[in-house]
Amino acid sequence: MTGLFSNPKRHLKKLVKDGDYVEALEFGKSLKVKFSNDSDYLFIMGAIYFILEDAKKAIPYFEKALEIKNDDVETLMLKTNAHLLLQQKNEAIVCCKKILKLEPKNYEAFGLLEKLESA
C-alpha cells in the first residue's frame, strides 16, 4: 500500500479509475502545490471536475496543462467539451481549430467544428 502513496499521481489515477471522484478531487487538491506545473496532474484534475460536471472549474486546469504541453489533443478535446457544457460556442470553435491544426484528420473535431459553425 505504501507504493501508491510514494507515487501520488498513480494513486490519484487509481481513485479516478475506481470511480471515487470526490475522494480523488480531495486527494488531488492536496497535491496542488507539488504538481502545479505537471501537465498530467493538471489534466487529471480538470477531468475530475469535468466528470463531476463542474466545467467552469475544469477549464483553468486544462488551460494550465496546455500552457505546459500545448500539443495535447486529449486535453484540447476535454476543454472543448467543457466549453460546450458552458454554452461557450466561440471558445469551443477555437479549441476545435487547434485540434485540427495538430491532427488534420481528427474527424471528431472536424464534425464538431462543422456543426458549431453552421449553428
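Residues numbered from 1 in each chain as written. Predicted model: local features only at pLDDT ≥ 70, side-chain atom pairs only at ≥ 80, totals over all residues. Heavy atoms only, no water.

Draft legend 1. Examining the environment of alanine 58 more closely. By the secondary structure assignment, alanine 58 is in helix H6 (residues 55–68). A relative accessible area of 0% places alanine 58 in the buried class. Separated by 13 residues in sequence, alanine 58 and aspartate 71 place their C-alpha atoms 18 Å apart. (Helix = DSSP H or I, 4+ residues; strand = E, 2+ residues; numbered from the N terminus. Buried < 20%, exposed > 50% of the residue type's maximum accessible area, 1.4 Å probe, protein only.)

Draft legend 2. Broad picture of the confidence of the model for the protein chain. Averaged over all residues, the pLDDT of the protein chain equals 94, while 96% of them reach at least 70. Confidence, read as mean pLDDT per element, is least for helix H1 (residues 2–6) in the protein chain (53) and greatest for H6 (98). (pLDDT = per-residue confidence, 0-100.)

Draft legend 3. Spotlight on the packing of helix H2 (residues 8–17) against helix H5 (residues 39–51). H5 packs onto H2 with a crossing angle of 25° between their chain directions and a minimal axis gap of 11 Å. When the interaxial angle is binned, H2 and H5 end up roughly parallel. In terms of crossing hand, the pair formed by H2 and H5 is left-handed. Together, Lys9, Leu12, Lys13 and Val16 of H2 and Asp40, Tyr41, Ile44, Met45 and Ile48 of H5 make up the contact between the two elements. The residue makeup of the contact of H2 with H5, split by class, is six nonpolar, no polar and three charged. (Axes fitted to C-alpha atoms, helices over the stretch in contact; angles between N-to-C directions. Parallel < 35°, antiparallel > 145°, perpendicular 65-115°, else oblique. Left-handed = near helix turned anticlockwise from the far one by under 90°. Contact = heavy atoms within 4.5 Å. Nonpolar A, V, L, I, M, F, W, Y, C, P; charged D, E, K, R; others polar.)

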